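# Coordinates in review
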Amino acid sequence: MENAASRQIYKKPFTKKIYPYLFIAPFALLVFVFFILPAIATIVMSFTDLNASMKPKFVGVTNFTRIFSDYNLPQILWNTAIFAVLSLAISLLFALIISIATQYFLKGKLSAVLYRVLWLIPSIIPAVVYVTFWKYVFDPTEEGFLNSLMQQFGIVSDPVSWFTKGAMAIVILATIVSTISGGMILLSAAINSIPEDLYKAARVDGASEKSVITKIIMPTLKWPLMYITISELIGFVSSYFFIMLLTGGGPMRDTTTLSLYAYQQAFNLKYYGYGAAVSLIVVFISFILTLFFLRLFDFDQMIRPSRIED
Amino acid sequence: MITLKNIVKEYEGKQEGNKAVDGLDLEINKGEFVALLGPSGCGKTTTLMMLAGLLKPTSGEIYFGGRLVNHVEPKDRNIGMVFQSYALYPHLSVRDNIAFPLRERKIPKLEAYERAKETSKILQIDHLLDRKPAQLSGGQQQRVAMARALSKNPEILLLDEPMSNLDARLKLDVRDEIRKIQRNLGVTTIIVTHDQEEALAISDRVAILNGGKIQQYAPPNELFNHPVNLFVASFLGNPPMNLVKGTLEEKSGNQVVATNGFEYVLPEDRRLDKTHMGKQVLFGIRPHDIMICDSTDMQAIKMKIDLVEHLGSGKLVKAIDPQHKLETMIRILTGNEIEVNSGDNVYIKFKERKFHIFDMTDNGVNLLQYR
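Residues numbered from 1 in each chain as written. Chains lettered and ligands numbered in written order. Predicted model: local features only at pLDDT ≥ 70, side-chain atom pairs only at ≥ 80, totals over all residues.

An unreviewed UniProt entry annotates chain B as ABC transporter ATP-binding protein originating from Cohnella silvisoli.

The criterion, for reference: UniProt positions are given in the numbering used here, feature names are shortened, and annotations may be inferred rather than shown by experiment.
By the naming in an unreviewed UniProt entry, chain A is Sugar ABC transporter permease, taken from Cohnella silvisoli. Listed in UniProt under the heading Subcellular location (unreviewed entry), the comment for chain A reads: "Cell membrane". Per its UniProt entry, chain A bears the Sequence similarities (unreviewed entry) comment "Belongs to the binding-protein-dependent transport system permease family."

Put into structure tokens, the structure is as follows:
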């Protein structure tokens, strides 16, 4: 039965309306203070000649034109590319191999779990401790772990100066060992979500291991792989922490990447304006790469609704 | 022909003596449609998995037409299988799903696709070949799963609860269709189900399992009319069989089942061996074998109607003993033409020779099973 009361439109009280904003507010504030403000500051700074004297002057796009005439740029870009591409490729490959091995071939075995836990260790120990470990391993003196080991077995007579030739390799090694676990966790979880019945069906259908991996497991990993690729790539392009602690960008500029260069310009040489401009270039590169991989993995398809008809 | 001999399956980690399948013998003829029916945990799915080769029996032998297959891999058993979840490969199109078993046998792509198309026509899904499983309805997915199982022309088709994810109406259609396809192809088919109606409707023979053992293996009507024991009798039938506690007695030359509420005189040709006299038994009669009658009828029992449920095609009448001596309620299935209301006093009688007597001293064996 219809009456006046039931036809009346329900009005949300004001307090109910503000609740959502009230809940969001603290985090919005944090995001604003720690993400948006610094971003704006960086952009503003990149158009000034702010330096140690702290008397900034607007200089237009001078900083940017200076980057492209910087004689260090080709080597730094090359270092960045080598570092990011190799780190990404190797850590993805290992994460994939470990996940498939432990979640498919050794599924449910205790050894598989222990093995994955082992890989998690590098990512949970503090970076400084972790880097010290690698410095000890590749120490150029006789005290170094690798040198003393090789001398003991008589492979070399004089200690090898590892960082002179192989600095980039060491940097990449240290980086991937600590990043593999992140991808591994996501991929393992994705493989674990594949219903057991699919494997059973594949066995009944006589599928080879290769078919199981290429037709059942790999397609499931498409989206996690996309996420890992993009997030790790951005991480590699913009990270300088390990490199700074391990080699400081040296020897010479052999391991200086774009983001480390930005850091050095800003905080070692106090060219804040120029550093800000270089870091904006890093952001721009990351943005372009993200768009590229979203396209490559056909991200549109994931957010498109599926079609079900009876 | 498929032969299972004394199959035992124990799962690792389970306590000793806790067997999923416990000494199971089964023979399935070529081209036969057999259902494994039972409550959950009865071992029916385990048995199917052993037939598929996805599980290995702890002991016992499985023969496919004389060939011992205990250690033969699933792919070498020439079986097709439909899973309860359908287990379609989510990232392959319907066409690739159906062709998958063929492609894995190194059949060239074009030929595999051609055969996939033929199979899909049998199941009337040839218009869906380019879709992905997620773009199909449940019924369509079920057909794709059937097509994939049949595309390699298997000798044996294994169906693991294939219809439990379909709605009631669709189930009836799919059931008929599976039966029709099975007849046309002549493929030996084993279906696992917990739905008795489905099992009885679709199969040539039904094996009723409980506790890892086969209780009875017979054609549907025999199972229904001649259950060998109390489990089969009470498991089958909806509404379930009425079971009344009683004692077998000899009274003035007649054998009777004496219960608290009534005494039922066994007909001459249903007389039991004298050794059974004095035993505790359950007297069983199905709801549709009870009639509402006049007080003058032979062996009429006075009852009071407690509840009448309308089932559409008839009425389910629940009657109690007016003197409350009989603990059990009696369910009676009647036609709509019978006018009864709750609170009425009526007389009921049992249709002749439709009753069962289960020996409670011997695991509920049906004392009349061999008649």
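### Here's the deal with the overall build of chain B
Note the threshold: Think of it this way: any DSSP run of H or I at least four residues long counts as a helix, any run of E at least two long counts as a strand, and we number them from the N terminus. Labels follow a simple rule on C-beta atoms placed from the backbone: if 20 or more others lie within 10 Å of a residue's own, it is buried; if 12 or fewer, it is exposed; otherwise it is partly exposed.
Broken down by element type, chain B carries 8 helices and 21 strands. Along the three orthogonal principal directions, the C-alpha set of chain B runs to about 80 × 45 × 35 Å. Residues counted as buried form 41% of the 371 residues belonging to chain B.

### Remarks on the overall build of chain A
Operational definition: Note on method: radius of gyration uses C-alpha positions; expected globular size equals 2.2 Å times residues raised to 0.38. Each residue gets a C-beta atom placed from its backbone, and two residues are in contact if those atoms lie within 7 Å.
In terms of helices and strands, chain A carries 15 helices and 0 strands. Expected size for 310 residues packed as a compact globule is a radius of gyration near 19 Å; at 26 Å, chain A overshoots this value by more than 25%. Overall, the C-alpha framework of chain A stretches about 95 × 70 × 30 Å when taken along its three principal axes. Relative to its 310 residues, chain A shows a buried fraction of 30%. Contacts in chain A between residues at least 24 apart in sequence constitute 67% of all its contacts with a sequence separation of at least 6.

### Let's talk about the sheet that holds strand β15 (residues 290–293) of chain B
All names here are of chain B. The criterion, for reference: Note on pairing: DSSP must find at least two bridges between two strands before they are called paired. Axes here refer to lines fitted to C-alpha atoms; in helices the fit is confined to the stretch in contact. Angles between the N-to-C directions go from 0 to 180 degrees.
Ordered in space as β15-β19-β16-β17-β18, the 5 strands form an open sheet in which the pairing is antiparallel. Bordering the open sheet on either side are β15 and β18 (330–334), each of which pairs with just one other strand. Neighbour to neighbour, the strand axes of the sheet diverge by 50° on average, direction disregarded. Taken together, the 4 bridges between β15 and strand β19 (residues 345–350) define a ladder with antiparallel strand orientation. The residue bridging Ile 290 from the neighbouring strand is Phe 350, located in β19.

### Concerning helix α10 (residues 209–220) of chain A
All names here are of chain A. Selection criterion: To estimate the expected span of a helix, count its residues, drop one, and scale the result by 1.5 Å. Think of the arc as the fan of directions from the helix axis to the C-beta atoms.
Here α10 contains 12 residues, and its C-alpha end-to-end distance of 16 Å stays within 8% of the 16 Å for a straight helix at 1.5 Å per residue. Buried within α10 are the following residues: Val 212, Lys 215, Ile 216 and Ile 217. Buried residues of α10, seen end-on, are gathered within an arc of 155° and therefore sit on one face of the element. Facing away from the buried side of α10 by more than 90 degrees, the exposed set consists of Lys 210 and Thr 214.

### Some words on helix α4 (residues 138–150) of chain B
Residue and element names in this part refer to chain B. Helix length check: α4 (13 residues) gives 18 Å between terminal C-alpha atoms against 18 Å at 1.5 Å per residue, within 8%. When α4 is considered as a whole, its buried residues turn out to be Gln 140, Gln 141, Gln 142, Arg 143, Val 144, Ala 145, Met 146, Ala 147, Arg 148, Ala 149 and Leu 150. Against the buried residues of α4 lie β6 (79–82), α2 (94–103), α3 (109–122), β7 (156–160) and α5 (168–185).

### Topic: the domain arrangement of chain B
All names here are of chain B. Quick note on the threshold: Residue ranges for the domains originate in an automatic or database domain assignment. Residues are grouped as follows: nonpolar covers Ala, Val, Leu, Ile, Met, Phe, Trp, Tyr, Cys and Pro; charged covers Asp, Glu, Lys and Arg; every other residue, Gly included, is treated as polar.
On domain assignment, one finds that chain B holds domain 1 (2–230) and domain 2 (235–366). Between the C-alpha centres of domain 1 and domain 2 there is a distance of 39 Å. Across the side of domain 1 that touches domain 2, the residue classes tally to 6 nonpolar, 2 polar and no charged.

### Digging into the interface of chain A and chain B
Facing the 19 residues of chain A at the interface are 19 residues of chain B. Among the secondary structure elements, those contributing two or more residues to the side of chain A that touches chain B are α9 (196–204) and α10 of chain A. Considering every element that reaches the side of chain A that touches chain B, the biggest residue donor is α9 of chain A, with 6 residues. The residue inventory of the side of chain A that touches chain B, partitioned by class, reads 8 nonpolar, 4 polar and 7 charged.

### Considering the pairing of strand β10 (residues 213–218) of chain B
Look at any regular strand and the pattern is simple: side chains alternate between the two faces of the sheet. Residues and elements named next belong to chain B. Bridging between strand β9 (residues 205–210) and β10 involves 5 bridges; their strand directions are antiparallel. Considered in β10, the bridge of Ile 208 is made with Gln 216. What sits between the antiparallel neighbours β9 and β10 is a turn of 2 residues, in which Gly 211 has the positive phi angle 60°.

### A word on the pairing of strand β8 (residues 188–193) of chain B
Residues and elements named next belong to chain B. Let me state the cut-off plainly: With the strands aimed away from the viewer, a crossover counts as right-handed if its path from the first strand over the helix to the second runs clockwise.
Of all 6 residues in β8, 6 are buried; the element is thus mostly enclosed. Alternating positions in β8 separate into two faces, Thr 188, Ile 190 and Val 192 on one and Thr 189, Ile 191 and Thr 193 on the other, with burial throughout. One ladder, built from 5 bridges, connects strand β3 (residues 33–37) with β8; its direction is parallel. When the sheet's bridge partners are listed, Leu 37 is paired in β8 with Thr 193. Across 5 bridges, the pairing between β7 and β8 is parallel. Bridged to Leu 159 within β8 is Ile 191. Remark: the β7/α5/β8 crossover connection has right-handed handedness.

### Topic: the nonpolar core
Applied cut-off: Each nonpolar core consists of buried Ala, Val, Leu, Ile, Met, Phe, Trp, Tyr and Cys residues. Their C-beta atoms, within 7 Å, join them into a set.
Counting 154 residues, the largest nonpolar core has Val 171 of chain A together with Met 81, Leu 158, Ala 207 and Phe 283 of chain B as the members making the most contacts within it. Each of two domains, domain 1 (2–230) and domain 2 (235–366) of chain B, supplies a minimum of three residues to this core. When residues no more than four places from it in sequence are discounted, the contact partners of Met 81 of chain B are Ala 201 and Val 204 of chain A together with Ala 52, Ala 149 and Leu 158 of chain B.

### Focus: the sheet that holds β7 of chain B
Residues and elements named next belong to chain B. With mixed pairing, the 6 strands of this open sheet are ordered in space as β6-β7-β8-β3-β9-β10. Two strands close off the open sheet at either side, each with one partner strand: β6 and β10. Adjacent strand axes in the sheet meet at a mean angle of 15° when their direction is disregarded. When β6 meets β7, the two strands line up parallel, connected through 4 bridges. Following the sheet pairing, Met 81 is matched in β7 by Leu 158.

### Considerations on the UniProt feature "transmembrane region" (unreviewed entry) in chain A
Residue and element names in this part refer to chain A. When the UniProt feature table is mapped onto this chain numbering, "transmembrane region" (unreviewed entry) sits at residues 21–47, 76–101, 113–133, 167–191, 225–251 and 271–297. As annotated, residues 76–101 has a helix share of 100% and a strand share of 0%, and its two end C-alpha atoms lie 37 Å apart. Across residues 113–133 one finds 90% helix and 0% strand; the C-alpha atoms that close the span lie 25 Å apart.

### Quick notes on the environment of Ala 218 of chain B
Residues and elements named next belong to chain B. Mapped onto the secondary structure, Ala 218 falls in strand β10. With 17 C-beta atoms packed within 10 Å, Ala 218 lands in the partly exposed category. Residues Ala 218 and His 276 lie 58 residues apart in sequence; the distance between their C-alpha atoms is 26 Å.

### Describing the packing of helix α4 (residues 73–105) of chain A against helix α8 (residues 162–192) of chain A
Residues and elements named next belong to chain A. We count it as follows: Roughly parallel refers to an angle under 35 degrees, roughly antiparallel to one over 145, roughly perpendicular to one between 65 and 115, and oblique to any angle outside these ranges. In this scheme, a crossing is called left-handed if the near helix is turned counterclockwise away from the far one by less than a right angle; it is called right-handed if the turn is clockwise.
At their nearest, the axes of α4 and α8 sit 6 Å apart, and the two run at 40° to each other. Classified by the angle their axes make, α4 and α8 are oblique. The interaxial crossing formed by α4 with α8 has right-handed handedness. Looking at the contact of α4 with α8 residue by residue, the class counts come to 19 nonpolar, 10 polar and no charged.

### Quick notes on the confidence of the model for chain B
Where we set the bar: The score called pLDDT rates the predictor's confidence residue by residue, from a low of 0 to a high of 100.
This prediction gives chain B a mean pLDDT of 89; 98% of its residues lie at or above 70. For this predicted complex, the interface confidence comes out at an ipTM of 0.83, alongside a pTM of 0.81.

### Topic: the packing of helix α13 (residues 258–268) of chain A against helix α14 (residues 272–296) of chain A
Residue and element names in this part refer to chain A. Following both chains from N to C, one finds α13 and α14 inclined at 165°, their axes separated by 7 Å at the closest point. Between α13 and α14, the crossing angle belongs to the class labelled roughly antiparallel. Both α13 and α14 take part in a crossing whose hand is left-handed. Two secondary-structure elements touch here, α13 through Leu 258, Ser 259, Tyr 261, Ala 262, Gln 265 and Ala 266 and α14 through Tyr 272, Tyr 274, Gly 275, Ala 276, Val 278, Ser 279, Ile 281 and Val 282. Broken down by class, the residue content of the contact of α13 with α14 amounts to 10 nonpolar, 4 polar and no charged.

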